[in-house]
Every structure is written in C-alpha cells, then in structure tokens.
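Descriptive structure summary
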Amino acid sequence: MVHRALFGSIERFFGVLIEHYAGAFPLWLAPVQAAVLPITDRVNDYAEKVAADLRSAGLRVEANLKSEKIGAKIRDAQMQKVPFMLVLGDREMEQGSVAVRERSKGDIGVMSIPDLLRWRVSLFRCVR
C-alpha cells in the first residue's frame, strides 16, 4: 500500500509557521502587508489612490474607509497584525505623503510613497 499525506504535511507546515510567528508574519509573508487608514472621510479618495499605487508596486494592501475613529482603525490593524499602517489626514493629502506606523515599532514618521518603497526595497522585492 502506498501512502501519501500530501495535504496533511502542508497543513502541519502552515500550523508550525503560524505558531512560530504567533500570527505576526514578516512583511513578505503577511496576507495584508499594509493598511491604509484615513483619519477623515475627506481623504478617502486619496486613501484609495495610495492603496492603488502600492498595489501597482506589487504589495498586498487594504484601505479601511469605514467611518470610525482613527484609534479604532489602528487597533483593528494591530489586532490583525498588519506589518505597516499608513495613516492619512488632510496634511498628508496636501503634501502627497503618508504617516507610517510599523506594527512592532510604532510611529516611524511621514514619508512620500516613493520614499516608503525605497525604505523597504529589499523586503518589497521579496513580494514580487
């Protein structure tokens, strides 16, 4: 009798991987790599544009356009263990930039989209 446990071994592999990272996957492995979080509804169009720009660069991005407070949006992204949160307000929209928060380090600072991509270029290349 020939026995193959092809799916069982894949399930065990993913179980070990999830347990090892405790669900907080590195950027290249995370199902959602960045969450775009607008502070107000006025910047929703800009948030969609930022998300589209990052998707065109090959990233897995979600935009949270719900009418919630920014603290709740950040908490949701933290609970989902999203590696990067991009917070957008009126100032960021005027400057064409994003305020970057990293899951483990907190607030990184304000940067443009090209600077963000250059800042993590080695990790972003793994995604493609």
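Details of the structure are given in the entry above.
Summary of the structure given here. (Residues numbered from 1 in each chain as written. Predicted model: local features only at pLDDT ≥ 70, side-chain atom pairs only at ≥ 80, totals over all residues. Heavy atoms only, no water.)

1. Some remarks on the side chain of N44
Just so we agree on the cut-off: Runs of H or I in DSSP of at least four residues are treated as helices and runs of E of at least two as strands, each being numbered from the N terminus. Here a residue-residue contact requires only that any non-hydrogen atoms of the pair lie within 4.5 Å.
Its location among the elements puts N44 in helix α2 (residues 44-56). Not counting residues up to four positions away in its chain, the partners in contact with N44 are P38 and L65.

2. Side note on a nonpolar patch on the surface
Short version of the rule: Patches in this entry comprise residues that are over 30% relatively accessible and not in a salt bridge; like charges within 9 Å are linked, as are nonpolar side chains (Val, Leu, Ile, Met, Phe, Trp, Tyr) within 5 Å. Per-residue and other accessible areas were derived by the Shrake-Rupley procedure at a 1.4 Å probe size, with only the shown protein chains allowed to occlude residues. Here, a salt bridge means any side-chain nitrogen of Lys or Arg that lies within 4 Å of a carboxyl oxygen of Asp or Glu.
Taken together, the side chains of I10, F13, F14 and I18 make up a nonpolar region of the molecular surface, amounting to roughly 390 Å² of accessible area. With respect to the helices and strands, the residue F13 is situated in helix α1 (residues 6-21).

3. Re the nonpolar core
The cut-off we apply is this: By convention a nonpolar core is built from buried Ala, Val, Leu, Ile, Met, Phe, Trp, Tyr and Cys residues, the set being connected through side-chain atoms within 4.5 Å. Note on exposure labels: buried denotes an accessible area under 20% of the residue type's maximum, exposed denotes more than 50%, and partly exposed covers the range between, all computed with a 1.4 Å probe on protein chains only.
Counting residues in each nonpolar core, the largest one holds 18 residues, and the members touching the most others are V36, V50, L54 and L86. Of all the secondary structure elements, the ones that give two or more residues to this core are β1 (34-38), α2, β3 (84-88), β4 (97-102) and α5 (113-119). The element that contributes the greatest number of residues to this core is α2, accounting for 5 residues. Not counting residues within four places of it along the chain, the set of residues in contact with V50 comprises V36, L86, L88, V98 and I113. Core analysis: the second largest hydrophobic core is formed by 9 residues, L37, I74, A77 and A99 among them.

4. Digging into the packing of aromatic side chains
The condition that has to hold: Pairs were defined over the aromatic rings of Phe, Tyr and Trp, the Trp ring being its six-membered one, requiring ring centres within 6.5 Å. Orientation was assigned from the angle between planes: stacked under 30 degrees, edge-to-face over 60, tilted for the rest.
If you walk through the whole model with that rule in mind, you get 2 aromatic pairs. Look at F13 and F14: their rings are 5.5 Å apart centre to centre, the planes differ by 65 degrees, and that puts the pair in the edge-to-face class. Ring plane angle 65 degrees and centroid distance 6.0 Å describe the contact between Y21 and F25, whose orientation is recorded as edge-to-face.

5. Here we look at helix α3 (residues 70-79)
Among the residues of α3, A72, K73, I74 and A77 are the ones counted as buried. Residues of α3 that are buried in the fold lie against β1, β3 and β4. K81 sits one or two positions beyond α3 and adopts a positive phi of about 60 degrees.

6. Observations regarding the environment of A30
The residue A30 is located in the loop between α1 and β1 in this model. In this structure, the C-alpha to C-alpha distance between A30 and R60, residues 30 residues apart in sequence, is 8.4 Å. Not counting residues up to four positions away in its chain, the partners in contact with A30 are F25, R60 and P83.

7. Section: the pattern of salt bridges
A complete count under the given rule lists 3 salt bridges for this structure. Note that D90 is salt-bridged to R42, the shortest N-O span being 2.5 Å. In this pair, D90 sits in helix α4 (residues 90-95) while R42 sits in the loop between β1 and α2, placing the two residues 48 residues apart along the sequence. R42 gets classed as exposed once you look at its relative accessible area, which sits at 57%. The residue K49 makes a salt bridge to D53 at a minimum N-O spacing of 3.0 Å. Within this pair, K49 and its partner D53 are both found in helix α2, separated by 4 residues, close to a single helical turn.

8. Comments concerning the sheet that holds β3
The test is simple: When DSSP locates at least two bridges between a pair of strands, those strands are taken to pair. Only the stretch in contact is used when fitting a helix axis, every axis being a line fitted to C-alpha atoms; angles between N-to-C directions are given from 0 to 180 degrees.
Here 5 strands make up an open sheet; going across it, the order is β2-β1-β3-β4-β5 and the pairing mixed. Here the strands that pair on one side only, and so sit at the sheet edges, are β2 (61-63) and β5 (106-112). If you compare each strand with its neighbour and ignore which way they point, the axes differ by 25 degrees on average. Bridge count for β1 against β3 is 5 bridges, and the pairing is parallel. Residue P38 lies in a different strand from β3, and its bridge partner there is L88. Strands in contact with α2 are β1, β2, β3 and β4; relative to β2, the strand with the most contacts, it is inclined by about 170 degrees. Those strands touched by α3 are β1, β3 and β4, and its axis lies near 170 degrees from that of β1.

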